[in-house]
Amino acid sequence: MSRQKKLSFEPPRHKGTRSLCLGVLVVVLALFAYHSAQGAPQAERKAAISIGIPLSLELRKLAVADFRVHSPGLGPLVDVFNRVVWNDLDNSGVFDLVSKSFYPQNVPGRGEELAAPGALAAWADPPVGAQLLAFGNASLVSGNLVVEGFLYDTTGSARPQILARRYTDVTTEAAARVIAHRFADAILQLAGGGLPGIAESKIYFVRQAGPGRKDIWVMDYDGANQRPVTQYRNLTLTPAVSPDGSKLGFTSYMEGSPKVFILSLVSMKRLPFLNVSGSLNTTPAWSPDGRRMAFAASLEGHSQIFVADEDGRNARRLTSTGGVNIYPQWNPKTGAQIAFVSDRGGLPQVYLMDSDGATVRRLTEGDGDAVQPCWSPNGMTIAFSWTRGFAPGNYNVFLLDVASGKLVQLTHGAGRNEHPWFSPDGRQIVFESDRNGGKQIFTMLADGTRVRALTTAGTNTAPLWSLK
């Protein structure tokens, strides 16, 4: 079999043992052959902050007191609220949360309770040693859940109150979760470096729905409220959410050959998209302004990168090489560059080009398969999956500083780790891994620490982190 034959697209029934899916069209396309990276050195593991990821070098010590219940019957809802606030702040990577076992016996519910001499010092001094204190209360007002939340500086400031918010919503667990997310986000924005919090962001992913069926699902950033978005009874893959969160692009076989489709997330109705004439259209990606779409389409037997209007019109071809060119991703900060995957040099590698197709250069070194690039929100760093230094098919997540070429390895051989995607604030990365058996969705801080599972049942792949 010739080299070109090995790298050609295959129909869904293909099961060759040497094929590997980029995770982009899992079990649908045999995109690249497996390759061995013999003796390749591993990238040096260092804190991701060194290549521009906005993580705090010194975590601020934060005490998060349980909110005081002022109305009978609210205990269960306030328990949900307390748990979600704690988890949001703990998972942020910004604070060092002080264990509640060290807290003073008298926990405040309102700010005036801290006006007494020594009240704030009790939280600043050992054994608590907190620099910041979050606290508040919950009550029923006219049948609604009302939550008052506060954030205080405990270190002797003349004006210790940093934040005071009042939230009103219906008395449901879902509403308690939303209020908790908003309070945590407010704390993060004020005390976490000015970046907006991500507690109300969403993660889209692909779930196996049965033999020959995959659907796109969505969940809260912490794994809660998992629910289907598409139910087309075929292979529906490669989710891409518009920057304003109003539209979902994806690949589907609903009309036979794989095509790009657009779904309004407001009306849940399909919107028009003009696919390039050919056997395959896939891996859509929105430009930062939401007005253009990059995608891959087969032309004359080869997959090439195209850019078109958001409805697929005025398509313009950007690549013209043999083999596979796929998985374009715009620089979200500038929109001036597109990263993509190509095997033009033999192994699949990550390349970079201007958004008009000019100035193409290879970003990865060529030893092992490098696939699935994703930009950090600041447009400085690319996360990607790489088999470098590992057996064929055993991927790990790496970061690459585009300007300097410096590498950081985030995962280290714990199963196949693929499809990295940055959180909207750049502090976390969601990815898929089979480290616990079947493929599931995980998150970690952008320095590779604090790995936690978001899904545990079924087969879940190809996550994408959306602001909404």
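A short tour of the structure in this document, coming up. (Residues numbered from 1 in each chain as written. Predicted model: local features only at pLDDT ≥ 70, side-chain atom pairs only at ≥ 80, totals over all residues. Heavy atoms only, no water.)

Description of the overall build of the chain
Counting its regular elements, the chain contains four helices and 32 strands. Burial status across the chain gives 57% buried among its 468 residues. Look at the contacts in the chain between residues 6 or more apart in sequence, and 46% of them connect residues 24 or more apart. (Helix = DSSP H or I, 4+ residues; strand = E, 2+ residues; numbered from the N terminus. Buried < 20%, exposed > 50% of the residue type's maximum accessible area, 1.4 Å probe, protein only. Contact = heavy atoms within 4.5 Å.)

Observations concerning the nonpolar core
Among the nonpolar cores identified, the biggest contains 57 residues, and Tyr204, Leu248 and Ile429 are the most heavily contacted of them. Ranked by size, the runner-up nonpolar core spans 46 residues in total, among them Phe67, Val78, Trp86 and Leu120. (Core = buried A, V, L, I, M, F, W, Y, C linked by side-chain atoms within 4.5 Å.)

Topic: unusual backbone geometry
Residue proline 127 follows proline 126 across a cis peptide bond; omega there is 10°. Positionally, proline 127 belongs in the loop between α3 (121–124) and β6 (132–141). Even without being a glycine, threonine 238 presents a positive backbone phi close to 50°. With respect to the helices and strands, threonine 238 occurs in strand β12 (residues 236–241). Classification of threonine 238 as buried rests on a relative accessible area of 8%. Positive phi, normally seen in glycine, also occurs at threonine 283, with a value near 45°. As for its position among the elements, threonine 283 is in strand β16 (residues 281–286).

Some words on the sheet that holds strand β14 (residues 259–264)
Taken in spatial order, the four strands make up an open sheet running β12-β13-β14-β15, and their pairing is antiparallel. With one partner strand each, in any of the chains shown, β12 and β15 (270–271) form the two edges of the open sheet. Two strands pair when backbone bridges link them, and β14 and β15 are joined in this way by two bridges, in the antiparallel orientation. Directly across from isoleucine 262, in β15, lies its bridge partner leucine 271. (Pairing = 2+ DSSP bridges.)

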